[in-house]
Amino acid sequence: MALAAQIHADGFRAALVGLGGRIVATAPGCEVVDADPAKVLGSVVEAGADLLRRTGRRCVGAGLAVPSAVAEPDGLALNPLHLAWPAGAPVRRIFAERVRAAGIEGPAFAANDVNLAALAEHRHGAGRGARDLLCVATGHRGVGGALVLDGRLHTGSSGLALEVGHLTVNPEGRPCHCGSRGCLDVEADPLAFLTAAGREPGPEVSLLQQANDLIRDHYDDPAVRAATESLIDRLGLGLAGLVNILNPDRIVLGGLHRTLLDADPGRLRAVVAGRSLWGQSGGVPILPCTLDHNSLVGAAELAWQPVLDDPLGALT
């Protein structure tokens, strides 16, 4: 098995993942994410080590998904905006140290969570068969994006490509953490939706679950419908700009964006087509992500890659 770990604003999750993206065991950790990344990564690695002990599986390596751009080659989390971590935390090094300290074999990797979701969806989910795949998603907070070109994850010169959350889609909109206003990050995430719908976020469950439940269970409420349409329009404007620049042959949406697509697919596709040259001429398919825990699956893909590249060398 590969050990996969994911950190998000509401806690963490560890999993054991086999070849083909098959999740065989998970261990959620719903806790306040400590401001010290070493403590959080120590907790998630211990949860993974416990899974390995209980299942008796051998570990080929470990992968970590984090809600931040991860700069290469040093594996630094540059902008963990929705965590209290310091900017530039060396998450890859810390994760590798905790993996070794737990007695877990194999190399350790770390990358941005939406990049890993895109990798997983391209190999095993809604993006299979696409040549140039654009993935846009919002999980617990913020908006992320990723691009697979010719079957390979495009991360740019230093790992920082496709920070789509900071596309401006409403120039007079909410202030963004980056210093601008009206970015996708603050106009099309779960908190933005709850605010637009006039709902006060509660502490019981994640913002993502609250937003998804509101759309699925109360879509006939005029305030909820209006908030849904507003976020669809903002998201569609951002996607149209990306289509004009990147010309992907498929778009997959995750998290709350998948729920928005399910709620009114015609509206979202019409906004993208109406605002993008390539959308009008070719009609880019917009599909929901299909994998549960796709960032975890993508993290496991990083750990499996050395085995796929050299099975005998990696396993002996």
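Coordinates for the structure precede this section.
Everything quoted here is computed from the prediction, not taken from an experiment.

Chemist: Please explain the sheet that holds strand 7 (residues 108-112) as it appears in this structure.
Modeler: Sheets are built from strands that pair by backbone hydrogen bonding, the pairs being arranged parallel or antiparallel. Taking strand neighbours across the sheet as the criterion, the five strands line up as 3-2-1-4-7 in an open arrangement whose pairing is mixed. Looking at the sheet topology across the chains shown, the edges are occupied by strand 3 (23-29) and strand 7. Pairs of neighbouring strands in the sheet enclose a mean axial angle of 15°, with direction left out of account. Strand direction decides the pairing type here: strand 1 (residues 2-8) and strand 4 (residues 61-66), joined by five bridges, are parallel. Bridging from a neighbouring strand, Q6 pairs with A65 of strand 4. Where helix 1 (residues 37-55) meets the sheet, it contacts strand 1, strand 2 (11-17), strand 3 and strand 4, and its direction lies at approximately 30° from that of strand 2. Most of the contacts of helix 2 (residues 91-101) go to strand 7, to which it runs at about 145°, and overall it touches strand 1, strand 4 and strand 7.

Chemist: What's the story with the sheet that holds strand 12 (residues 286-288) in this structure? I'm lost.
Modeler: In spatial order, the strands read 10-9-8-11-12; together these five strands make up an open sheet with mixed pairing. Looking at strand neighbours, the two that pair on one side only are strand 10 (152-154) and strand 12, the edges of this open sheet. Neighbouring strand axes in the sheet, compared pairwise and without regard to direction, differ in orientation by 30° on average. Relative to strand 10, strand 9 (residues 144-149) runs antiparallel, the two being bridged by three bridges. In the sheet register, L147 faces strand 10, and the bridge partner there is H154. Contacts from helix 7 (residues 222-246) reach strand 8 (132-138), strand 9 and strand 11 (250-255) within the one sheet, and its direction differs from that of strand 8 by about 155°.

Rules behind the numbers
Per chain, residue numbering runs from 1 following the sequence as it is written. The predicted nature of this model means local features are confined to residues of pLDDT at least 70 and side-chain atom pairs, given and counted, to a pLDDT of 80 or more, with totals for whole chains, interfaces and linings taken over all residues. The basis for the side-chain values is all heavy atoms of the structure; hydrogens and waters are excluded. Note on pairing: DSSP must find at least two bridges between two strands before they are called paired. To qualify as a helix, a DSSP run of H or I must reach at least 4 residues; to qualify as a strand, a run of E must reach at least 2; elements of each kind are numbered from the N terminus. Here the axes come from fitting lines to C-alpha atoms, over the contacting stretch only for helices, and the angles between their N-to-C directions go from 0 to 180 degrees. Any two residues having at least one pair of non-hydrogen atoms within 4.5 Å are treated as being in contact.

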